[in-house]
Amino acid sequence: MNPTDAADPAYFHKVVDCQWACPAHTPVPEYIRLIGQGRYDQAYMVNWVSNVFPGVLGRTCDRPCEPACRRSRVEERNLAKPEPVAICRLKRVAADFKGDEVRAMIPRPLPRNGKRVACVGAGPASLTVARDLASQGYAVTVYDGEAKPGGFIRSQIPRFRLPESVIDEECGYILNLGVEFRSGQRIESMAALLAQDWDAIFVGSGAPRGRDLDLPGRQEAAADIHIGIDWLASVSFGHIDRVKRRVIVLGGGNTAMDCCRSARRLGAEEVKVIVRSGFEEMKASPWEKEDAMHEGIPILNYHVPKAYVVEGGRLVGMRFELVQATYDAQGRRSLVPTGAADVTVPCDEVLVAVGQENAFPWIERDCGIAFDKWGLPVLDETTFQSTVPRVFFGGDAAFGPKNIITAVAHGHEAAVSIDRHVHGEDVARRPPPHVNLMSQKMGIHEWSYDNAPTNDARHKVPWAKAEQALSSIRVEVELGFDPAVAWQEAQRCLNCDVQTVFTDKLCIECDGCVDICPMDCITFTANGEEAELRTRLKAPALHPQQSLYVSGALKTQRVMVKDEDVCLHCGLCAERCPTGAWDMQKFLLLTTKAGPACRDSRPHPGRQGVAA
């Protein structure tokens, strides 16, 4: 193998698995260390720069960081159920315990630069664009048909998961940057918007149309069949405050989980979630399914809906065909009937949560914006620019329904594109991130970070008492960590951003690092092809998706090979090394945001209005 190019920003970034997996590349270990030190304001701001909505995401994020967390892979050799660090819930800790000083820490916007940007929709993608551009002196106007900003954060996430006060606070930080919010103004014509003198237009209108399920009996029972996302919005805005006794929820995504749990709180005595796929194939996050079942809501799988059962003009149930999964030689799944008789499940009301679709009836098809066969805008996947150069899309409006953190990531990239576009620069030229490696050495055998991770199992987030949580749609069910438990959970983090950096010219091949490594992840051996070399390590490297750290040839012509996958970042190798060939260096990745640093002639990224 060739020596590892540790100067490549992507190499050490990939070692920080949680940050690598986060669409917004939030520096997770950095804010977890700050939480462990009780520095909640600073931890909140680290999040605010990257993901914009720490309090919202600390309660509702889809957590792509957690399945990637190295803690699970380190523990899998010894524990029956290895679990990642509770990254998402620690993010909430920063939001819950921050002080008023945070308002003073938010950078003041730069003077107005004469550029005007319109954002259609007030969801997370549009608000991210507004945050990034308003801080740089842009005059940003956000249009939305609702009275308050937030988009689907406000309309589709129930208050028992996300209190409205958290949404108001974090949207307020953005509007207070000088963003003009035009509430109750739904854009009805893209052509009319293009006729105005906007320097750029960003479309972040989401995927506002829920899919229906048109089966026999649909029209006769229409009064008792509701589209899930529309029903959740009606509950959120107080238009619906009760349900009938028996409720079926169709669908296996997170919207379905929100529907069933909301129906339970609105008085339904029997709530069932029914899906056509297998339980493991449901799109809902594992914890969403667990939460629903914890509240006594059964999930019936491999049930294909066939008809709404109507008697005397009233919905009384649904009929389902029982199926099973079969797989062909290529691993493609098919659902085939079991041959058993159809099953009728009694119900009085049905909530249909089988997916969402984009809807752009307000964009005229002759305005220059091209759409694909699925009705999605034709976009550059990196720049989010449409076929009309000054129109950009992001969030669910860009490539279909995803999640909040993906919408935020889209917003950051679209803001960079807009900033470059209005300054006459090629939007396809994306400035690389700013990367820094800084030694954590404080003396001969001392480091500026706590390098002794605890052996504790993952700590559970306390819940409100069941009788209290299920009595109201507005009682927050998760109570969050208190500072003491947050500190304990923070100690589980392996500080994956503090890298073991090896200088082969200083190595005397004493093997001291090999002897002291608690994970057997360092090997001195003859070089070879990667697949073969992985089998010769002191502990075989089992996860090829994580690169090996390979040195240049040493004096004996051996090479040092380190399996990054299970490293604890404990620093024992660096402490043991007599020549300083190993050093612990903190990796800092600053992704480029809108502003002077994203342009071709750019100053240091720290000079932007919003820190990079």
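Residues numbered from 1 in each chain as written. Predicted model: local features only at pLDDT ≥ 70, side-chain atom pairs only at ≥ 80, totals over all residues. Heavy atoms only, no water.

(A) Examining the sheet that holds strand S4 (residues 200-203) more closely. Strand order across the open sheet formed by five strands is S3-S2-S1-S4-S16, with parallel pairing between neighbours. Each of the sheet's edge strands pairs with one partner strand only, and the pair in question is strand S3 (180-183) and strand S16 (391-393). Strand-to-strand twist across the sheet, computed as the mean angle between neighbouring axes with direction ignored, equals 20 degrees. Note that strand S2 (residues 139-144) and S3 share four bridges and pair parallel. Within the sheet, the bridge partner assigned to Tyr 143 lies in S3 and is Arg 182. (Pairing = 2+ DSSP bridges. Helix = DSSP H or I, 4+ residues; strand = E, 2+ residues; numbered from the N terminus. Axes fitted to C-alpha atoms, helices over the stretch in contact; angles between N-to-C directions.)

(B) Up close: the sheet that holds strand S9 (residues 299-300). Reading across from one edge, S6-S14-S7-S8-S9 is the order of the five strands in this open sheet, with parallel pairing throughout. Only two strands of the sheet have a single neighbouring strand rather than two, namely strand S6 (225-227) and S9. Both strand S8 (residues 270-274) and S9 contribute to a ladder of two bridges, which runs parallel. Across the sheet, Ile 274 pairs through a bridge with Leu 300, a residue of S9. Strand contacts of helix H14 (residues 228-236): S6 and strand S14 (349-352), with the helix running at about 90 degrees to S6, the strand carrying the most contacts. (Contact = heavy atoms within 4.5 Å.)

(C) Quick peek at the layout of surface pockets. Considered as a void within the structure, the largest pocket measures approximately 1,300 Å³ in volume. Taken together, 49 residues form the lining of the largest pocket, with Gly 253, Asn 254, Thr 255, Lys 283 and Gly 355 sitting closest to its centre. Where the lining of the largest pocket is concerned, the elements lending two or more residues are strand S5 (209-210), H14, helix H15 (254-265), strand S10 (303-311), strand S15 (356-357), helix H17 (396-399) and helix H18 (404-422). Sort the elements by how many residues they give to the lining of the largest pocket and H15 lands first, with three residues. Looking at the lining of the largest pocket residue by residue, the classes come out as 20 nonpolar, 17 polar and twelve charged. The calculated volume of the second largest pocket comes to roughly 820 Å³. Around the second largest pocket, the lining is made up of 37 residues, and of these Asp 144, Arg 186, Ser 205, Gly 206 and Pro 208 lie nearest the centre. Counting only elements with at least two residues in the lining of the second largest pocket, the list comes to helix H10 (124-134), S2, helix H11 (152-155) and H14. Its residues placed into classes, the lining of the second largest pocket shows 16 nonpolar, 13 polar and eight charged. (1 Å grid on protein atoms, 1.4 Å probe; cavity = no way out; pocket = protein on both sides within 12 Å on 5 of 7 lines; lining within 4 Å. Points joined across faces, edges and corners; volume = space filled by probe spheres on them. Nonpolar A, V, L, I, M, F, W, Y, C, P; charged D, E, K, R; others polar.)

(D) Focus on the nonpolar core. Core analysis: the largest hydrophobic core is formed by 129 residues, its most contacted members being Met 190, Ile 201, Phe 393 and Ile 522. The element best represented in this core is H18, accounting for eight residues. Excluding residues within four positions of it along the chain, Ile 522 makes contact with Cys 513, Val 514, Cys 517, Lys 538, Met 560, Val 561, Lys 562, Cys 573 and Trp 582. Within the second largest apolar cluster, 28 residues are counted, among which are Val 235, Val 271, Val 273 and Ile 473. (Core = buried A, V, L, I, M, F, W, Y, C linked by side-chain atoms within 4.5 Å. Buried < 20%, exposed > 50% of the residue type's maximum accessible area, 1.4 Å probe, protein only.)

(E) Seen up close, the state of the cysteines. The final tally for this structure, using the stated rule, is zero disulfides. The closest cysteine sulfur to the non-disulfide-bonded Cys 573 is located on Cys 570, 6.4 Å from its own sulfur. The exposure class assigned to Cys 573 is buried, which follows from its relative accessible area of 7%. Not engaged in a disulfide, the cysteine Cys 577 finds its nearest cysteine sulfur in Cys 510; these two sulfurs lie 6.2 Å apart. Here Cys 577 falls in the buried class, since its relative accessible area comes to 15%. (Disulfide = S-S within 2.5 Å.)

(F) Region of interest: the environment of Cys 570. For Cys 570, the location among the structural elements is in the loop between strand S21 (559-563) and helix H23 (572-576). On a C-alpha basis, the gap between Cys 570 and Cys 517 in space is 8.9 Å, while along the polypeptide they are 53 residues apart. Leaving out residues up to four positions away in the same chain, Cys 570 has contacts with Tyr 449, Asn 451 and Pro 518.

(G) Here's a closer look at H15. With twelve residues, H15 should reach 16 Å at 1.5 Å per residue; the first-to-last C-alpha distance of 17 Å fits that figure. The element H15 is extensively covered by neighbouring structure, given that ten of its twelve residues are classed as buried. Among the residues of H15, those classed as buried are Asn 254, Ala 256, Met 257, Asp 258, Cys 259, Cys 260, Arg 261, Ser 262, Ala 263 and Arg 265. After H15 finishes, the residue Gly 267 shows a positive phi value of roughly 110 degrees. (Expected span 1.5 Å × (residues − 1).)

(H) Up close: empty space enclosed by the protein. Tallied over the full model, the rule gives eight cavities of 30 Å³ or more. The space that makes up the largest cavity amounts to roughly 150 Å³. Contributing to the lining of the largest cavity are 17 residues, with Arg 59, Arg 89, Arg 161, Asp 291 and Glu 478 lying nearest its centre. Where the lining of the largest cavity is concerned, the elements lending two or more residues are helix H5 (54-60), helix H8 (87-97) and helix H16 (286-294). For the lining of the largest cavity, the residue count by class is five nonpolar, two polar and ten charged.

(I) Focus on the environment of Glu 164. Checked against the element boundaries, Glu 164 lands in helix H12 (residues 164-175). With a relative accessible area of 28%, Glu 164 lands in the partly exposed category. Here the alpha-carbon distance between Glu 164 and Ile 153, two residues eleven residues apart in the chain, equals 9.5 Å. Apart from the residues within four sequence positions on either side, Glu 164 is in contact with Lys 148, Arg 154, Arg 159 and Arg 474. One polar contact links Glu 164 to Arg 154, side chain to side chain, over a distance of 2.9 Å. (Polar contact = N/O pair within 3.5 Å; in protein donor to acceptor, adjacent residues only side chain to side chain.)

(J) Looking closely at the packing of aromatic side chains. Scanning the model with the defined rule gives eleven aromatic pairs in all. Consider the rings of Phe 12 and Tyr 549, whose centres lie 6.2 Å apart with planes at 90 degrees: the pair is edge-to-face. Of this pair, Phe 12 sits in helix H1 (residues 9-15) while Tyr 549 sits in strand S20 (residues 548-550); the two residues are 537 residues apart in sequence, bridging distant segments of the chain. Note on accessibility: Phe 12 and Tyr 549 belong to one class, buried. (Phe/Tyr/Trp six-rings, centres within 6.5 Å; stacked < 30°, edge-to-face > 60°.)

(K) Looking closely at the packing of helix H4 (residues 40-51) against H8. Interhelical geometry of H4 versus H8 gives an angle of 115 degrees and a closest axis separation of 8 Å. Crossing of H4 against H8: the hand is left-handed. Contacts between H4 and H8 involve Tyr 40, Ala 43, Tyr 44, Asn 47 and Asn 51 on the former and, on the latter, Lys 91, Val 93, Ala 94, Ala 95 and Phe 97. Considering only residue class, the contact of H4 with H8 consists of seven nonpolar, two polar and one charged. (Left-handed = near helix turned anticlockwise from the far one by under 90°.)

(L) Representation of the side chain of Glu 564 in the model. With respect to the helices and strands, the residue Glu 564 is situated in the loop between S21 and H23. A distance of 2.7 Å separates polar atoms of two side chains, one belonging to Glu 564 and the other to Tyr 11. Apart from the residues within four sequence positions on either side, Glu 564 is in contact with Tyr 11, Phe 12, Val 15, Arg 70, Thr 500, Gln 546, Ser 547 and Tyr 549.

(M) A look at unusual backbone geometry. Positive phi is not limited to glycine here, since Arg 63 has a value of about 60 degrees. As for its position among the elements, Arg 63 is in the loop between H5 and helix H6 (65-68). A positive phi angle is found at Gln 557, which is not glycine, with a value near 70 degrees. Mapped onto the secondary structure, Gln 557 falls in the loop between S20 and S21.

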